Amino acid sequence: NVQDSGPKVCIVGGGPAGFYTAQHLLKARDDMVVDVYERLPVPFGLVRFGVAPDHPEVKNVINTFTQTAQHERCYFYGNVNVGTDVSVEELRKAYHAVVLSYGAEANRSMRVSGEGLAGVFSARDFVGWYNGLPSNKELQPHLNCETVVILGQGNVALDVARILLSPLDLLKKTDITQHALDTLAASRVRRVLIVGRRGPLQIACTIKEVREMINLPDTAADMLPADFESISEALKDLPRPRKRLTELMMKTVKTESGQHKANKSWGFRFLRSPLEVLPGPDGKRVAGIRLAVNKLEGSGEDAKAVPTGQTEDLECGMVISSIGYKSLPIDPCVPFDPRSAIVPNNMGRVKDTAGLYCSGWVKRGPTGVIATTMNDSFDTARMLLKDMDSGMLNLSVNKPGGQEITALLKERGVRAVSFPEWEKINLEEVRRGTAVGKPREKFLDVKDMLAVAWS
Ligand code: FAD
């Protein structure tokens, strides 16, 4: 039986990085067994809990991940928290190699006072809330204000802005959670300002997301023409994608500014950094934000935002910071670079730790789309295979793999969710969704997921 004598690799994290790494490994060697350990009972990481509900086409990668998980030499162990239920050291003993693909779940903080006021959220939590991440279920954002300020101008910032301003009828047909729909139905939010520390030429989102904002029904773009006055000069030298994006914003300024017929609006605010979140009279809830007015030093992608000393206050009832994420250390035996918040590695080989690898956001930091994560995971898999071929990874001893870990987990009272058990959860979610005209209605509680998995 090849499964007893072949190499055994385990992957920590069942998001895109984990599944793409597994896919490449399984394809490269027909004697390799790959086990994927995932903290939640449900797979796919940010494809399930990050990607916007109105972008269902992005989630098609789930089909590929499902094929990988159903491969005869791949096993999925959901509901297993590595670092708590089982240590990385124990995994390293049981497998020939361990790949860390556990993503970047923490938020970068704004480091300004007032960040803890009610009505201030991280985009990650807000997204997790409308996408049904169990740990964000209780977020309870009160959408009883007119203006929301989002800090950061990447695609996630635009996802959040779009969800806040989208017509309910559109969202109702997506897999957004019912509790988010109920809250959005009562929303009084009419205006969303998306604030960035640099200028229009440095904006981090892509044209598709800006176009979707422009096309929102009953929603006007509220831009400041002055922001675009000096940039037409630079236009001709820009790389094509940035040129098209800039032209689109400039066209929008021309056609939409001064139109006030729409009930709702959104707009970019450039060259502003948060200084302080301002409380209202009760001292508890956000009522505004104080921004530093910046100027640019240098030009192009490398331009730096430098404070001018001027400040500006914006009134708002909610602040959502979308300024990035960071990975957290998983286990004391795994090297971690607190400065860049990644597992230090050389092309996927974890520094100073033979047999340990990493892929995805924990390897290169939390930037890039799913396709970037795919390439990077294939790179790590190639490196691992090379180390097997060169003898750097010793394959001459048999390893017990999942058998030993399952026994350990059992001793500790931890029961894993297998892929067929996830498929039961999946079917039930789809059934609940179909009943109300949605692709799925997600379970919000781990205990409900487990009840279905083990029913
Ligand atoms: P993740 O997707 O975060 O997966 C990590 C997995 O590890 C998770 O399932 C997590 O539960 C698990 N895990 C964590 N800790 C442990 C542990 N201790 N033990 C076991 N398991 C653990 N890209 C696009 O191409 N299109 C988009 O529309 C898009 N939208 C996005 C929206 C948001 C809000 C965000 C944040 C990102 C978006 N991205 C999008 C980027 C894309 O999601 C990432 O490139 C990709 O998910 C990174 O993959 P990953 O596997 O490294 O991390």
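Residues numbered from 1 in each chain as written. Predicted model: local features only at pLDDT ≥ 70, side-chain atom pairs only at ≥ 80, totals over all residues. Heavy atoms only, no water.

Regarding the domain arrangement of the protein chain
Piece 1. Its domain assignment divides the protein chain into domain 1 (2-105 + 326-417) and domain 2 (109-323).
Piece 2. Centre-to-centre, using C-alpha coordinates, domain 1 lies 34 Å away from domain 2.
Piece 3. At the interface, 15 residues of domain 1 touch 17 residues of domain 2.
Piece 4. With both sides pooled, the region where domain 1 packs onto domain 2 buries about 1,200 Å², and carbon together with sulfur makes up 51% of that total.
Piece 5. Of all residues in domain 1, the largest losses of buried area upon contact with domain 2 belong to Phe49, Pro53 and His55, amounting jointly to 48% of the total for that side.
Piece 6. Summed over the shared surface of domain 1 and domain 2, the number is 3 salt bridges.
Piece 7. In this structure, the salt-bridge partner of Glu57 is Lys208, at a minimum N-O distance of 3.6 Å.
Piece 8. On the surface where domain 1 and domain 2 come into contact, there are 9 residue pairs in polar contact (both at pLDDT 80 or more).
Piece 9. It is helix H3 (residues 45-49) that contributes the most residues to the side of domain 1 that touches domain 2, 3 residues altogether.
Piece 10. A class-by-class count of the residues in the side of domain 1 that touches domain 2 yields 8 nonpolar, 2 polar and 5 charged. (Domains from an automatic or database assignment. Contact = heavy atoms within 4.5 Å. Buried area = accessible area lost by both parts, 1.4 Å probe. Salt bridge = Lys/Arg side-chain N within 4 Å of Asp/Glu carboxyl O. Polar contact = N/O pair within 3.5 Å; in protein donor to acceptor, adjacent residues only side chain to side chain. Helix = DSSP H or I, 4+ residues; strand = E, 2+ residues; numbered from the N terminus. Nonpolar A, V, L, I, M, F, W, Y, C, P; charged D, E, K, R; others polar.)

Some points on the layout of surface pockets
To find leftover empty space, one rolls a probe the size of a water molecule over the atoms.
Piece 1. If you add up the space inside the second largest pocket, you get close to 380 Å³.
Piece 2. Lining the second largest pocket are 21 residues, and of these Lys59, Ile62, Asp175, Asn426 and Arg440 sit closest to its centre.
Piece 3. Within the residue set of the lining of the second largest pocket, elements represented by two or more residues are H3, helix H4 (61-69) and helix H17 (419-434).
Piece 4. The element best represented in the lining of the second largest pocket is H17, accounting for 5 residues. (1 Å grid on protein atoms, 1.4 Å probe; cavity = no way out; pocket = protein on both sides within 12 Å on 5 of 7 lines; lining within 4 Å. Points joined across faces, edges and corners; volume = space filled by probe spheres on them.)

A short note on the sheet that holds strand S10 (residues 264-269)
Piece 1. Taken in spatial order, the 6 strands line up as S6-S14-S7-S8-S10-S9 in an open sheet, and their pairing is parallel. Across the chains shown, the open sheet's two edge strands, defined by having one partner strand only, are strand S6 (120-122) and strand S9 (219-221). The mean inter-strand angle of the sheet, taken between neighbouring strand axes irrespective of direction, is 20°. (Pairing = 2+ DSSP bridges. Axes fitted to C-alpha atoms, helices over the stretch in contact; angles between N-to-C directions.)

Quick notes on the site of the ligand
Piece 1. Around the ligand, 30 residues are found, and the nearest of them are Ala17, Glu38, Val82, Trp361 and Ile370.
Piece 2. Here an oxygen atom of the ligand sits 2.9 Å away from a polar atom, N or O, in the main chain of Ala17.
Piece 3. Relative to its free-state accessible area of 1,000 Å², the ligand is covered by the protein chains to the extent of 92%.
Piece 4. Listed by contribution, the elements that provide at least two residues to the shell around the ligand are helix H2 (16-28), H3 and helix H15 (370-389).
Piece 5. Its residues placed into classes, the shell around the ligand shows 17 nonpolar, 11 polar and 2 charged. (Near = heavy atom within 4 Å. Areas by Shrake-Rupley, 256 points an atom, 1.4 Å probe, with all protein chains shown as cover.)

Structural notes on the sheet that holds strand S12 (residues 286-297)
Piece 1. With respect to topology, 3 strands assemble into an open sheet ordered S11-S12-S13, the strand pairing being antiparallel. Taken across any chain shown, the strands that pair with only one partner, and hence form the sheet edges, are strand S11 (272-279) and strand S13 (304-315). For this sheet the average axis-to-axis angle between neighbouring strands, irrespective of direction, equals 20°.
Piece 2. Across 9 bridges, the pairing between S12 and S13 is antiparallel. Following the sheet pairing, Glu297 is matched in S13 by Lys304.

Looking at a positive patch on the surface
Piece 1. The grouping of Arg211, Arg240, Arg244 and Lys251 at the surface amounts to a positive patch.
Piece 2. At 3 residues, helix H13 (residues 240-256) tops the list of elements feeding residues into the positive patch.
Piece 3. Along the chain, Lys251 turns up in helix H13. (Patch = residues over 30% accessible without salt bridge, like charges linked within 9 Å, V, L, I, M, F, W, Y side chains within 5 Å. Lys, Arg positive; Asp, Glu negative; His and termini not counted. Charge placed at Lys NZ, Arg CZ, Asp CG, Glu CD.)

Quick look at the packing of aromatic side chains
Piece 1. Under the defined criterion, the tally for this structure stands at 16 aromatic pairs.
Piece 2. When the ring of Phe19 is compared with that of Phe44, the centres are 5.8 Å apart and the planes differ by 50°; the resulting orientation is tilted. Placement of Phe19 in helix H2 and of Phe44 in the loop between strand S2 (33-37) and H3 is noted, with a sequence separation of 25 residues between them. Residues Phe19 and Phe44 agree in their burial class; the two are buried.
Piece 3. An angle of 90° between the planes, with centres 5.2 Å apart, marks the rings of Trp266 and Phe268 as edge-to-face. Neither Trp266 nor Phe268 differs from the other in exposure class; each is buried.
Piece 4. Site record: aromatic cluster; members linked through ring pairs are Phe19, Tyr20, Phe44, Phe65, Phe76, Phe378, Phe419 and Trp422.
Piece 5. One residue, Arg124, lies across the ring of Tyr325, its end atom 4.7 Å from the ring centre. (Phe/Tyr/Trp six-rings, centres within 6.5 Å; stacked < 30°, edge-to-face > 60°. Buried < 20%, exposed > 50% of the residue type's maximum accessible area, 1.4 Å probe, protein only. Lys NZ or Arg CZ within 6 Å of the ring centre and 35° of its normal.)

What about the environment of Val189?
Piece 1. As for its position among the elements, Val189 is in the loop between helix H9 (178-185) and strand S8 (191-195).
Piece 2. Measuring from C-alpha to C-alpha, the distance between Val189 and Leu165 comes to 7.5 Å, with 24 residues separating the pair along the chain.
Piece 3. Excluding its chain neighbours within four sequence positions, the residues that come into contact with Val189 are Leu143, Cys145, Glu146, Val148, Leu165 and Lys264.

Digging into unusual backbone geometry
Piece 1. Its identity is not glycine, yet Phe44 carries a phi of approximately 90°, on the positive side.
Piece 2. Of note in this structure, Arg111 is not a glycine but carries a positive phi near 55°.
Piece 3. Tracing the sequence through the fold places Arg111 in the loop between strand S5 (106-107) and S6.

Section: the state of the cysteines
Piece 1. Under the defined criterion, the tally for this structure stands at 0 disulfides.
Piece 2. Just so you know, Cys145 is unpaired, no disulfide at all, and the nearest cysteine sulfur is the one on Cys316, 7.5 Å from it.
Piece 3. Counting only cysteine sulfurs, Cys333 is the nearest neighbor of Cys358, a cysteine outside any disulfide, at a range of 13 Å.
Piece 4. Residue classification places Cys358 among the buried residues on the basis of a relative accessible area of 0%. (Disulfide = S-S within 2.5 Å.)

Topic: the nonpolar core
Looking at soluble globular proteins, one finds that nonpolar side chains tend to be buried together.
Piece 1. Counting 49 residues, the largest nonpolar core has Val210, Trp266 and Phe268 as its most contacted members.
Piece 2. Here this core gets 7 residues from one element, more than from any other, and that element is helix H7 (residues 155-165).
Piece 3. Not counting the four nearest positions on each side in its chain, Trp266 is found in contact with Leu165, Val192, Ile194, Val210, Met213, Ile214, Thr219, Ala220, Ala221, Asp222 and Met223.
Piece 4. If you look at the next biggest cluster of nonpolar residues, it comprises 42 residues, including Val36, Val42, Val47 and Tyr357. (Core = buried A, V, L, I, M, F, W, Y, C linked by side-chain atoms within 4.5 Å.)

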